[in-house]
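# An overview of the molecular structure
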Amino acid sequence: AKFPSSSLNVLARAQLAQVTNQLAVEEAQKKQEEADAARAAAQARADLLARAGKGEVTLSEMRQALIGKTRAQVSNLLGLPSETASNSWGYRQRMILNPLTNEKYGLMVYFTEGAVQSVDYNRNGGSQ
């Protein structure tokens, strides 16, 4: 702006346009990556729920999906529990497969300070 007739003015404008374009490309890539990650997470959630509905999810898979989640996130994923206590929720639906015995169990979710700390078989609902 101070030197409008400078011979470097055209070069500076070209470089500014190049940087602006590069920033726009990077922002678009970031948004695409976030959308892809959200889509993958939604698909993984749907797959987990479909397999849980058939009683085909292992306890370790459910632990991976739930550890660290809040009560709201757990109920959003699994629905309302069959039984509740101050620090635990129980699901009687036989969604967890014990691969050693091929028995199906419900799920117990244990909370500490509002987040899932542990997940185990709910044997109160019996096995199948």
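To keep things clear, this report deals only with the structure shown in the data block. Everything quoted here is computed from the prediction, not taken from an experiment. (Residues numbered from 1 in each chain as written. Predicted model: local features only at pLDDT ≥ 70, side-chain atom pairs only at ≥ 80, totals over all residues. Heavy atoms only, no water.)

## Quick look at the nonpolar core
If you look at the biggest cluster of nonpolar residues, it comprises 21 residues, and the most contacted ones within it are M62, L66, L78 and L107. Counting residues per element, the ones that place at least two in this core are helix 1 (9–53), helix 2 (59–66), helix 3 (71–78), strand 3 (88–98), strand 4 (103–112) and strand 5 (115–122). (Core = buried A, V, L, I, M, F, W, Y, C linked by side-chain atoms within 4.5 Å. Buried < 20%, exposed > 50% of the residue type's maximum accessible area, 1.4 Å probe, protein only. Helix = DSSP H or I, 4+ residues; strand = E, 2+ residues; numbered from the N terminus.)

## Examining the environment of K69
Relative to the elements of secondary structure, K69 occurs in the loop between helix 2 and helix 3. The sequence separation of K69 and A46 amounts to 23 residues, and the corresponding C-alpha distance is 17 Å. If sequence neighbours within four positions are ignored, K69 has contacts with V74, F111, G114, A115 and V116. A distance of 3.4 Å separates the side chain of K69 from the backbone oxygen of A65, its partner in a polar contact. (Contact = heavy atoms within 4.5 Å. Polar contact = N/O pair within 3.5 Å; in protein donor to acceptor, adjacent residues only side chain to side chain.)

## Comments concerning the packing of aromatic side chains
Under the definition given, this model contains two aromatic pairs. Between W89 and F111 the ring centres are 5.2 Å apart and the planes differ by 70°, which places this aromatic pair in the edge-to-face class. Here the residue W89 occupies a position in strand 3, and F111 occupies one in strand 4, the gap between them amounting to 22 residues. A single burial state applies to W89 and to F111, both of which are buried. Ring centres of Y105 and Y121 lie 5.1 Å apart, and the angle between their planes is 55°; this geometry places the pair in the tilted category. (Phe/Tyr/Trp six-rings, centres within 6.5 Å; stacked < 30°, edge-to-face > 60°.)

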